[in-house]
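This is what each chain is made of:
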Amino acid sequence: MEGQVALLLAVSLLVLGLGTLLSRRNVIWKLLGLNVASGGAALFLVAVGHRPQAVPPILGWGPGPAADPLPQALILTAIVIHFATLALSLVYVIFLTEHLHTQDVPKLERGEDE
Amino acid sequence: MSLGTHLPILAIAVPLLGAFALPIFAKVHKRLRDMWAAAVGAFTCAMVIALAVQVLSTGVVVYTLGATSPAQTVAPGGFPIRITLTVDGMSAFMGLISALVGLASLIYAFQFLKEDQGKPLAMTLFFLLWAGMLGMEYTGDMFNFFVFLEITSIAACALIGYRTWESRPAEAAFKTMALYTVGGLLVLLAVAILYGQYGALNIAYLSSKIGGSQLDKIALGLLLGGLLMKAGAVPAHMWAPDAYGEAPAQAAMVLVANTQASLYGLWRVLFTLFGGVLAAPAVGWLVVSLGTLTLLVAVLMAVLQRDLGRLIAYGAVSQIGYMLLGVGLVALASRPDFGLVAMQGGIFHMMNDAATVGLLMLAAGVVRRAAGTKDLTALGGLGHDLKWTGGFFFLGALALAGIPPFNGFASKLLIYESSFRLSPLLTAVAVLGSILLLAVFARAFQGVFLGPKMREAEPAPVGMLVAMGILAAVILAMGLAPGFFVEHLVTPAARALWEGRDLYLAAVLGG
């Protein structure tokens, strides 16, 4: 049950994030959308490792099956990667703001023609 | 322990170490930094070539990380728990392309980058990008592939925005980063879906288990979407002209090799990962139509460009179309002979494209350095001072348009031949694309290099000429003796994808 809820939540986060990325004109909003979508993907991976009535995969945490630890290790990598891409994109937002004094995508693209 | 058994991991680890050690050496002395960069570059190329020789003579090389013996494979019926690097003919071939492009780019970078504009950092990013590309090509693990994909994305975007003192590179880098991240997310989701079903990440193991369920099809769709985005195929091509146009010349040519690494990922997914279940002609038609569309749109856009960098960029995108067309035909092939020809054409074209587009981009870099602009309306008469560069540009333009006896003709002929058997219309579009490309590049050559002398231009330094000379020599060699290259490099690579899936699986999973 929790597994399905988590999957549903992950997919909604993805749709929400990518929708924001496509519909917003402000670069900061676009990055926020992208970040929400990355969170959705991470949640999706964790939800995939879910097992019914499982305990966290730590030694000595009692009887019963443990959740799959591998997806949890994978999302740590994925989170670091997404942090790096976000940080790099934000640096470009800073540069763009300094050069063109706007964060609006249509205006940024017009700035390209000057 | 001998060096020979550790070739696959060394080819990835050495540039990675080289990348992060380089800024430290740069602090000590400029000479030390350059020597370090040259040593890392030479060592990496040697590793890649030695590995290719090993693969071509003995077959698939498997390297298991963290095992008691790196050559250890999974016992028959067993379950892979470690990350493996799996290098077959196709991986080795792609490694050679990356090594060639990387070497030329590095030689060019020594003289192209300016000291006061962050030269050591650009070299660091280049080595990161190189390591990421080689990693994508050698890995045998889906999540590992995703990680290397993201390493190339980050390094590539940092290089696109290298000229931070202008606004256009930052805009191009931002756009590219957003698209790459979405592409990477799609790949990550596909990996999650596959892991959820089969509990493994190893490509060979997954391939042996995939049964073509509904979820598998979703995963295939996500992988196709993500990798095509990174490869710059229409309709996700908007980032490519900006990125190629704004990145420094030697970085732009590595970006082209990077799109090819994404295409390699696509071939690996289509023919190895889903090789057992891929009977649906829909996928083949999708790839063929996207390829045709890409080449048509890119060529038509190239006609309209007034900026030399963007013109070459659209030329580069159009070549991606030819590769998609060639290999897409394979997925539609009902007869073995024509499938293999199409595969050879598509794969041979990857190497040709890396060399020719790289040469054109480097020549454009020299033009920009000499004249301070890439605007075609403001350029002219540069051939008086840049004789060699003009010659190299001319050679590259002819090869790109597929004029005999150059290499582009050899690979395009294979694509024409195989597409003709499917539909003459496809061949007509492909030939039309080539003719338009020739017209576009002839105009560009005439506009930039011919005509009365307009200004004094500083000739290209020796290092840049050497870098272009290497690529020109490869182009000439492949054009004059295509048979040799097809037989010894392209055919093993094509066979590895076309019928080598069983060998690939057996090499990892044991007899």
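Residues numbered from 1 in each chain as written. Chains lettered and ligands numbered in written order. Predicted model: local features only at pLDDT ≥ 70, side-chain atom pairs only at ≥ 80, totals over all residues. Heavy atoms only, no water.

1. A few points about the overall build of chain A
Phase 1: The number of helices and strands found in chain A is four helices and zero strands.
Phase 2: Tracing chain A from N to C terminus, the helices and strands come up as α-α-α-α.
Phase 3: Against the compact-globule benchmark of 13 Å for 114 residues, chain A has a radius of gyration of 19 Å, which places it well outside the compact range.
Phase 4: Viewed in the frame of its principal axes, chain A has a C-alpha envelope of about 65 × 25 × 15 Å.
Phase 5: Burial statistics for chain A: of 114 residues in total, 36% are counted as buried.
Phase 6: Long-range contacts, defined as pairs at least 24 residues apart, comprise 47% of the intrachain contacts of chain A with a sequence gap of at least 6.
Phase 7: Entry remark: accessible area of chain A is about 6,600 Å², with carbon and sulfur atoms responsible for 69%.
Phase 8: A gap of 7 Å separates the mean positions of the 6 positive and 8 negative side-chain charges of chain A. (Helix = DSSP H or I, 4+ residues; strand = E, 2+ residues; numbered from the N terminus. Rg over C-alpha atoms; globule rule 2.2 N^0.38 Å. Buried < 20%, exposed > 50% of the residue type's maximum accessible area, 1.4 Å probe, protein only. Contact = heavy atoms within 4.5 Å. Areas by Shrake-Rupley, 256 points an atom, 1.4 Å probe, with all protein chains shown as cover. Lys, Arg positive; Asp, Glu negative; His and termini not counted. Charge placed at Lys NZ, Arg CZ, Asp CG, Glu CD.)

2. Notes on the overall build of chain B
Phase 1: In terms of regular secondary structure, chain B is built from 19 helices and two strands.
Phase 2: Here the C-alpha radius of gyration of chain B, 22 Å, is about what a compact globule of 511 residues would show, namely 24 Å.
Phase 3: In terms of its C-alpha atoms, chain B occupies a principal-axis envelope of roughly 70 × 60 × 40 Å.
Phase 4: Within chain B, the fraction of its 511 residues that count as buried is 65%.
Phase 5: When contacts within chain B are restricted to residue pairs at least 6 apart in sequence, those whose partners lie at least 24 apart make up 81%.
Phase 6: Total accessible area on chain B stands at roughly 16,700 Å², and carbon and sulfur atoms take up 69% of it.
Phase 7: Charge-centre separation for chain B: the mean point of 28 positive side chains lies 3 Å from the mean point of 23 negative side chains.

3. Re the interface of chain A and chain B
Phase 1: The interface is formed by 33 residues belonging to chain A together with 31 residues belonging to chain B.
Phase 2: Of the roughly 2,900 Å² buried where chain A meets chain B, counting both sides, 81% is carbon and sulfur surface.
Phase 3: Elements with a minimum of two residues in the side of chain A that touches chain B: helix H1 (2-23), helix H2 (27-48), helix H3 (69-100) and helix H4 (105-111) of chain A.
Phase 4: Among the elements that make up the side of chain A that touches chain B, the one with the highest residue count is H3 of chain A (17 residues).
Phase 5: When grouped by side-chain class, the residues that make up the side of chain A that touches chain B number 24 nonpolar, six polar and three charged. (Buried area = accessible area lost by both parts, 1.4 Å probe. Nonpolar A, V, L, I, M, F, W, Y, C, P; charged D, E, K, R; others polar.)

4. Some points on the pairing of strand S1 (residues 61-64) of chain B
Residues and elements named next belong to chain B.
Phase 1: Here S1 shows a buried face lined by Val61 and Tyr63 and a second buried face lined by Val62 and Thr64.
Phase 2: Relative to strand S2 (residues 84-87), S1 is paired through four bridges, and the arrangement is antiparallel. Looking at the pairing, Val61 lines up with Val87 of S2. (Pairing = 2+ DSSP bridges.)

5. Comments concerning the nonpolar core
Phase 1: Judged by nonpolar contacts, the single largest core of 236 residues is most densely connected at Met90, Phe93, Trp267, Leu273, Phe393 and Phe441 of chain B.
Phase 2: Setting aside chain neighbours within four positions, we find Met90 of chain B in contact with Tyr264, Trp267, Arg268, Ile347, Met350, Ala493, Ala496 and Leu497 of chain B. (Core = buried A, V, L, I, M, F, W, Y, C linked by side-chain atoms within 4.5 Å.)

6. What to know about the packing of helix H1 (residues 7-28) of chain B against helix H2 (residues 30-58) of chain B
Residues and elements named next belong to chain B.
Phase 1: The geometry of H1 relative to H2 is characterised by a closest axis approach of 9 Å and an angle of 175 degrees between their N-to-C directions. As summarised for this structure, H1 and H2 are arranged roughly antiparallel, according to the angle between their axes.
Phase 2: Among the residues forming the contact of H1 with H2, the class breakdown is 21 nonpolar, three polar and one charged. (Axes fitted to C-alpha atoms, helices over the stretch in contact; angles between N-to-C directions. Parallel < 35°, antiparallel > 145°, perpendicular 65-115°, else oblique.)

7. Digging into unusual backbone geometry
Phase 1: Val234 of chain B connects to Pro235 of chain B through a cis peptide bond whose omega is 10 degrees.
Phase 2: Along the chain, Pro404 of chain B connects to Pro405 of chain B via a cis peptide bond; the corresponding omega equals 10 degrees.
Phase 3: Tracing the chain through its elements places Pro405 of chain B in the loop between helix H14 (387-401) and helix H15 (407-422).
Phase 4: Phi angles above zero are rare outside glycine, and His101 of chain A is one such case at about 55 degrees.

8. Some words on helix H11 (residues 281-304) of chain B
Residues and elements named next belong to chain B.
Phase 1: The terminal C-alpha atoms of H11, which comprises 24 residues, lie 35 Å apart, in line with the 34 Å expected from a rise of 1.5 Å per residue.
Phase 2: Residues of H11 that are buried include every one of Val283, Gly284, Val287, Val288, Leu290, Gly291, Thr292, Thr294, Leu295, Ala298, Val299 and Ala302, and no others.
Phase 3: Structurally, H11 contributes buried residues whose contacts are with helix H8 (214-231), helix H10 (249-273), helix H12 (308-332) and helix H16 (424-449). (Expected span 1.5 Å × (residues − 1).)

9. Observations concerning a nonpolar patch on the surface
Residue and element names in this part refer to chain A.
Phase 1: A cluster of nonpolar side chains, namely Ile28, Trp29, Leu32 and Leu90, defines an oily patch on the protein surface of about 340 Å² accessible area.
Phase 2: The dominant element in the nonpolar patch, judged by the number of residues it contributes, is H2, at three residues.
Phase 3: Locating Trp29 in the fold gives a position in helix H2. (Patch = residues over 30% accessible without salt bridge, like charges linked within 9 Å, V, L, I, M, F, W, Y side chains within 5 Å. Salt bridge = Lys/Arg side-chain N within 4 Å of Asp/Glu carboxyl O.)

10. Some remarks on the confidence of the model for chain A
Phase 1: When pLDDT is averaged along chain A, the result is 87, and 96% of the positions lie at 70 or above.
Phase 2: Put simply, H4 of chain A is where chain A has its lowest mean pLDDT, 78, and H2 of chain A is where it has its highest, 93. (pLDDT = per-residue confidence, 0-100.)

11. So, the packing of aromatic side chains
Residue and element names in this part refer to chain B.
Phase 1: For the coordinates displayed, the defined rule picks out 17 aromatic pairs over all chains.
Phase 2: Each ring, one from Phe393 and one from Phe441, has its centre 6.4 Å from the other, and the planes form 45 degrees; the classification is tilted. Here Phe393 is found in helix H14, whereas its partner Phe441 is found in helix H16, with 48 residues between them in sequence.
Phase 3: Centroid distance Phe393 to Phe449: 5.5 Å. Interplanar angle 50 degrees. Geometry classified as tilted. Of this pair, Phe393 sits in helix H14 while Phe449 is found in helix H16, placing the two residues 56 residues apart along the sequence. (Phe/Tyr/Trp six-rings, centres within 6.5 Å; stacked < 30°, edge-to-face > 60°.)

12. Let's talk about the environment of Ala439 of chain B
Residue and element names in this part refer to chain B.
Phase 1: Along the chain, the position of Ala439 falls in helix H16.
Phase 2: Classification of Ala439 by relative accessible area gives partly exposed; the value is 46%.
Phase 3: Separated by 136 residues in the primary sequence, Ala439 and Val303 have C-alpha atoms spaced 8.4 Å apart.

13. Concerning the pattern of salt bridges
Residue and element names in this part refer to chain B.
Phase 1: Using the criterion set out here, one finds nine salt bridges over all chains in the structure.
Phase 2: Where Arg310 meets Asp242, a salt bridge forms, and the shortest distance between an N and an O atom there is 2.6 Å. In this pair, Arg310 is assigned in helix H12 and Asp242 in helix H9 (residues 239-246), connecting sequence segments 68 residues apart. Accessibility classification places Arg310 together with Asp242 in one group, the buried group.
Phase 3: Each of Lys175, Asp242 and Arg310 takes part in one network of salt bridges that share partners.

14. A word on the packing of H2 of chain B against helix H4 (residues 119-138) of chain B
Residues and elements named next belong to chain B.
Phase 1: Contact pair H2 / H4: the axes reach a minimum separation of 12 Å and the direction vectors enclose 10 degrees. With respect to their mutual orientation, H2 and H4 come out roughly parallel. Contact residues: Arg33, Ala37, Val40, Gly41, Thr44, Cys45, Val48 and Leu51 in H2; Lys119, Pro120, Met123, Phe127, Trp130, Leu134 and Tyr138 in H4.
Phase 2: The residue inventory of the contact of H2 with H4, partitioned by class, reads 11 nonpolar, two polar and two charged.

15. Remarks on the confidence of the model for chain B
Residue and element names in this part refer to chain B.
Phase 1: Mean pLDDT over chain B stands at 89; residues scoring 70 or higher make up 98%.
Phase 2: Per-residue pLDDT, averaged within each element of chain B, yields its smallest value for H15 (85) and its largest for helix H5 (residues 142-160) (95).
Phase 3: Across the interface, the model reports ipTM at 0.93; the global pTM reads 0.93.

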